[in-house]
Amino acid sequence: MQGFGILFAAIVSLIVSAAFNNTYKAPSYDEDRLHSTVPEADYVWRIILMFGSIPAALTYYWRMQMPETARYTALIAHNVKKAVADMSKVLHVEIEENFEKVSSNEVKRKNNWGLFSPQFAKRHGLHLLATTSTWFFLDIAFYSQNLFQKDIFSKIGWIPKAGTMNAIQEVYHISRAQTYLALCGTVPGYWFTVAFIDRIGRFWIQLMGFLMMTTFMLGLAIPYNHWTTPGHHTGFVILYGLTFFFANFGPNATTFIVPAEVFPARLRSTCHGISAACGKAGAIVGAFGFLYASQGNPPERGYRKGIGLRNSLFVLASSNFLGMVMTIFLPEAKGKSLEEVSMENVDENAV
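In this text, all values refer to a predicted model and were calculated from it rather than measured experimentally.

Analysis parameters
- Residues numbered from 1 in each chain as written.
- Predicted model: local features only at pLDDT ≥ 70, side-chain atom pairs only at ≥ 80, totals over all residues.
- Heavy atoms only, no water.
- Helix = DSSP H or I, 4+ residues; strand = E, 2+ residues; numbered from the N terminus.
- Buried < 20%, exposed > 50% of the residue type's maximum accessible area, 1.4 Å probe, protein only.
- Contact = heavy atoms within 4.5 Å.
- Lys, Arg positive; Asp, Glu negative; His and termini not counted.
- Charge placed at Lys NZ, Arg CZ, Asp CG, Glu CD.
- Core = buried A, V, L, I, M, F, W, Y, C linked by side-chain atoms within 4.5 Å.
- UniProt positions renumbered as here; feature names shortened; annotations may be inferred.
- Axes fitted to C-alpha atoms, helices over the stretch in contact; angles between N-to-C directions.
- Parallel < 35°, antiparallel > 145°, perpendicular 65-115°, else oblique.
- Left-handed = near helix turned anticlockwise from the far one by under 90°.
- Disulfide = S-S within 2.5 Å.
- Phe/Tyr/Trp six-rings, centres within 6.5 Å; stacked < 30°, edge-to-face > 60°.
- Salt bridge = Lys/Arg side-chain N within 4 Å of Asp/Glu carboxyl O.

### Notes on the overall build of the protein chain
Point 1. Scanning the protein chain for helices and strands turns up 16 helices and zero strands.
Point 2. For the protein chain, the spread of C-alpha atoms along the principal axes amounts to about 80 × 40 × 35 Å.
Point 3. Per-residue burial for the protein chain yields a buried fraction of 42% across its 351 residues.
Point 4. Sequence-distant contacts in the protein chain: of pairs separated by 6 or more residues, those separated by 24 or more amount to 75%.
Point 5. For the protein chain, the centre of its 29 positive side-chain charges and the centre of its 24 negative side-chain charges are spaced 5 Å apart.

Laid out in structure tokens, this is it:
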């Protein structure tokens, strides 16, 4: 559903900016720098941001109505009876009584080693390294692509130069371009994952996604001068859209799924959180790094000369390639229960 969230965010921006642009006329930045941003433009980003509070509030309410997962209640909270009751409520079926005969002591005798134990390092140390690094490398590329679409679109001529528009018009044109990308690349990519994740498997989808993102990034970077000449912009946009498609029919979906499956229940959220935190660290690197690195000659006002957009695309391709390499160390969870893939049903002293 994240794909629909991205799409609707762009649509909200499109509607709000169009409404303000029709109501409050302003000259372009080149014509009049001071008056190209009307005072009312300050409400545009506030209204767009406020719309995000609506699904957030609904999410909070619905989450409060949901019971804790049965695995957590039984294995961590050691309340098997409540776990059975919650499962009956959610599944709308009566659970067999013999399920309740599993005693709390039996649950407690299961493997109880912690995150910093030799047992965890032996069983899941490499898995944690793989989930954290793949999420990190993905977000370097994914967030830099998302945050700086306007710079890329402007440089290839898909949207007008910033100086030829006023502030609200720029929001409108960027939102329209992002809507097209979401419709043609982002949303279909997510739903291809939904359709194939239990057929192809998490491992192969992630490996393929990183490989295709690397390929298309190189396809943008190597003939970059060709793509920036008039008449070739459509090809650039198609390749750029395909990187979003394979990001979502690939690691942007699976890097979130895999850490929720490969670790034992008592450490699952912790390891998922560590993996996600590394992803956000990658997002920070991508956001700030791409901003400074992509500066050409001359750079934008207030920035120093960087390596340029073309070389920045090579860096993003390298990040995707490293993500593909680290994917090799992940197990496949397709067709397995959470206990099987996390090895919770394996004896404590077994590998």
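### A short note on the nonpolar core
Point 1. By size, the foremost hydrophobic cluster in this structure holds 42 residues, and its most contacted members are F236, Y240, L313 and L316.
Point 2. Listed by contribution, the elements that provide at least two residues to this core are α7 (118-147), α8 (149-156), α9 (167-196), α10 (202-221), α11 (224-227), α12 (233-248), α14 (265-293) and α15 (308-327).
Point 3. The biggest single contributor to this core is α10, with nine residues.
Point 4. When near neighbours in sequence (up to four residues on either side) are disregarded, Y240 contacts Q145, Q149, I152, F153, L181 and L220.
Point 5. Counting residues in hydrophobic clusters, the runner-up holds 13 residues, among them V258, V262, F263 and V341.

### Here's the deal with the UniProt feature "transmembrane region" (unreviewed entry) in the protein chain
Point 1. Residues annotated in UniProt with the feature "transmembrane region" (unreviewed entry) correspond here to residues 43-62, 179-197, 203-224, 236-260, 272-293 and 313-330.
Point 2. In the segment residues 179-197, helix accounts for 95% and strand for 0%; the C-alpha atoms at its two ends are 25 Å apart.
Point 3. Secondary structure content for residues 203-224 is 91% helix and 0% strand, while the C-alpha to C-alpha distance between its ends is 31 Å.

### Thoughts on the packing of helix α1 (residues 2-23) against helix α2 (residues 42-51)
Point 1. The contact between α1 and α2 brings their axes to 10 Å, and the two run at 150°. Classified by the interaxial angle, the pair formed by α1 and α2 is roughly antiparallel. The handedness of the crossing between α1 and α2 comes out as right-handed. Every residue of α2 that contacts α1 at V12, S13, V16 and F20 is listed here: Y43, V44, I47, I48 and F51.

### Observations concerning the state of the cysteines
Point 1. Tallied over the entire structure, the rule returns zero disulfides.
Point 2. The cysteine C271 is free of any disulfide, with C278 supplying the nearest cysteine sulfur at 11 Å.

### Topic: the packing of aromatic side chains
Point 1. Counting across every chain of the model gives 19 aromatic pairs.
Point 2. Ring geometry for F136 against F137: centres 5.5 Å apart, planes inclined by 70°, an arrangement best described as edge-to-face.
Point 3. Relative accessible area serves as the criterion here: at 25%, F136 is assigned to the partly exposed category.
Point 4. Given a relative accessible area of 18%, F137 falls into the buried group.

### Things to note about the pattern of salt bridges
Point 1. Scanning the entire structure with this criterion turns up six salt bridges.
Point 2. Where K280 meets D139, a salt bridge forms, and the shortest distance between an N and an O atom there is 3.2 Å. Here the residue K280 occupies a position in helix α14, and D139 occupies one in helix α7, the gap between them amounting to 141 residues.
Point 3. K280 gets classed as partly exposed once you look at its relative accessible area, which sits at 36%.
Point 4. On the basis of relative accessible area, D139 is assigned to the buried category, the value being 1%.
Point 5. One network of salt bridges, with partners in common, ties together D198, R202 and E261.

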